[in-house]
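Close look at the chain arrangement
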Amino acid sequence: MSKDAVNTAVAAPRSDAAQMPADAGDAGYSKDLKARHVNMIAIGGAIGTGLFLGAGGRLHNAGPALAIAYLVCGIFAFFVVRALGELVLYRPSSGSFVSYAREFLGEKGAYVAGWMYFLNWSTTGIADITAIALYTHYWSMFTDIPQWVLALAALAVVLAVNLISVKIFGEMEFWFAIIKVATLVAFMLVGIFLLATQHEVGGQTPGLDVITDNGGVFPHGMMPVVLVMQGVIFAYAALELVGVAAGETAEPEKVVPRAVNSIMWRVGLFYVGSVVLLALLLPGSVYSADESPFVTVLSKIGVEGAGDVMNLVVLTAAMSSLNSGLYSTGRILRSMAMAGSAPKFTARMNRSQVPYGGILLTCAVCVLGVGLNYLMPSQAFEIVLNVASLGIISTWVIIMICHLLFVRRAKAGLVTRPGFRLPGSPVTELVTIAFLLAVLGLMWNDPEVGRKTLLLIPVIALMLIVGWFAIRRRVARAEDRELTDLTK
């Protein structure tokens, strides 16, 4: 939307805004997501593959200090989602931060935000189907099935479910989140019991001695902790789903603040608490990137079938993450398509008001991930995780920039800030942006994967520039049509 159109829309009465969405991409959606759906989507976004699978390899590399990394990244993740929550209450939109980037940064900003988010979730989808294949290989009956076949089967199942309706998506995420939360609580109770009773785990007595006798909090120094930061950021990558889901709920002003505010204590309890427990139960060297750390612990306490149950749970967590990725990219791509910056077919919706075009495009990229699982099964997860981190870091930076500009307009009297606000603005936004860029820069210290990932930035930038010149006329025509509609 052009600046003049934005000003016209801002000046319009609220009653007019209610009749016609400020973002054309918001038209046509149902409002079938209930408060319980959005609350559990927020929980599910905070508990995913990054904790259940990624924590194993990171504990092996960084040791108990991983808990500090989760805490620090969790605080900045909360700032991001709090800023997004304020923007949502200002104007709920299924286009979420892409819609806000369009308003505060112009069409070029929305274009970059949308395609970098697509890069994040399409590569995260590859990570998820890779995780599903790895989890499934835990059971001997699936060992002989190639990893890429299991990945393709998982993608097909989640795609079918996602296309039915947003209500089915909400119900699936609700129950997936219930399973994840209940299992983590159960694991933490078991871990606390093992600590309190000094029950041996894998031949070792749990407690502080497990940490002090194996190199302390930083067994390999500070650098491994620094290097895992981009992976930890990835673990929080789905928190922004709250903003997307708000566009399909009837009462965002009631639902969103509650969901956002609850994220902080969940981060402290589930991420930091779980990692501390894991570190107290077994040395970091015992954990592996090929197996969930929760499965590792439960398999070593001698409870028959415990590892199988936990593996089934973390399998559902990966399915949940994949399901969320298809949901969010479908809505984001539709918002972009209505503005001319994404292929026209991604604007299409089925009879159930699901934007199937964007969902299918994301699945097409995930199919490429099936090929990656075929060619490089042992490295597929780490490769796509690092690429996805580029997408999520850029998305979070754009959210904070949009919030800075929003606050600036509010001070100028052009817009009104809601009562639910990001504290400490503008310092909070600037510090968060600096931290995220620092994490990106620190990836250079990882020559194996991180450095190669950073070398992709010029390639991605070139692709974005070429893409913009290819679609700029279509975007201009869409701007003109929207401006005409606003002035009628």
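Heads up: the structure comes first, above all this text.
Throughout this document, residue positions are counted from 1 along each chain, in the order its sequence is written. Local features in this predicted model are restricted to residues of pLDDT 70 or higher, and side-chain atom pairs are both shown and tallied only at a pLDDT of 80 or more, whereas totals for entire chains, interfaces and linings draw on every residue. With hydrogens and water set aside, each side-chain value is computed from the structure's full complement of heavy atoms.

1. What to know about the packing of aromatic side chains
- In this scheme Phe, Tyr and Trp rings, the latter by its six-membered ring, pair at centre separations within 6.5 Å, and the angle between planes marks the pair as stacked below 30 degrees, edge-to-face above 60, and tilted otherwise. Considering all chains together, one arrives at 14 aromatic pairs under this definition.
- Taken together, a centroid distance of 5.9 Å and an interplanar angle of 65 degrees make the contact between phenylalanine 104 and phenylalanine 406 edge-to-face. Of this pair, phenylalanine 104 sits in helix 7 (residues 96-105) while phenylalanine 406 sits in helix 20 (residues 380-411); the two residues are 302 residues apart in sequence, bridging distant segments of the chain.
- Over the face of the ring belonging to phenylalanine 420 we find arginine 82, whose NZ or CZ atom lies 4.1 Å from the ring centre. Think of it this way: any DSSP run of H or I at least four residues long counts as a helix, any run of E at least two long counts as a strand, and we number them from the N terminus. Throughout this description, the term charge over a ring refers to an Arg CZ or Lys NZ atom that lies within 6 Å of the ring centre and within 35 degrees of the ring normal.

2. Brief notes about unusual backbone geometry
- In this structure, proline 426 follows serine 425 across a cis peptide bond, with omega equal to 5 degrees.
- The residue proline 426 is located in the loop between helix 20 and helix 21 (427-442) in this model.
- Here the phi dihedral of glutamine 198 falls at roughly 55 degrees; this positive angle occurs in a residue that is not glycine.
- Its location among the elements puts glutamine 198 in the loop between helix 10 (166-197) and helix 11 (208-212).

3. Quick look at the nonpolar core
- To define a nonpolar core, start from buried Ala, Val, Leu, Ile, Met, Phe, Trp, Tyr and Cys residues and group those joined through side-chain atoms within 4.5 Å. Buried means the residue's accessible area, taken with a 1.4 Å probe over protein chains only, is under 20% of the maximum for its type, while exposed means over 50%, and partly exposed covers the values in between. Counting residues in each nonpolar core, the largest one holds 150 residues, and the members touching the most others are Tyr70, Trp115, Phe187, Ile233, Tyr236 and Trp396.
- Here this core takes 15 residues from helix 6 (residues 66-90), the largest share from any one element.
- Any two residues whose heavy atoms approach within 4.5 Å are treated as being in contact. Dropping the residues within four chain positions of it, isoleucine 233 is found in contact with Cys73, Ile392, Ile393, Trp396, Phe435, Leu436 and Val439.

4. Details of the pattern of salt bridges
- Here, a salt bridge means any side-chain nitrogen of Lys or Arg that lies within 4 Å of a carboxyl oxygen of Asp or Glu. Evaluation of the coordinates by the stated rule reveals three salt bridges.
- Note that arginine 102 and glutamate 107 form a salt bridge whose closest N and O atoms lie 3.1 Å from each other. Here the two residues arginine 102 and glutamate 107 agree in accessibility, since each one is buried.

5. Some details on a nonpolar patch on the surface
- Residues enter a patch when their relative accessible area is above 30% and they make no salt bridge; the linking distance is 9 Å between like charges and 5 Å between nonpolar side chains (Val, Leu, Ile, Met, Phe, Trp, Tyr). Accessibility throughout is a Shrake-Rupley quantity obtained with a 1.4 Å probe, and a residue counts as covered only by protein chains that appear here. A grouping of Ile68, Val217, Phe218 and Met222 is seen on the molecular surface, where their side chains present a nonpolar patch of about 340 Å² in accessible area.
- Position of phenylalanine 218 among the secondary structure elements: in the loop between helix 11 and helix 12 (223-227).
- Of the residues examined, phenylalanine 218 reaches a relative accessible area of 35% and is grouped as partly exposed.

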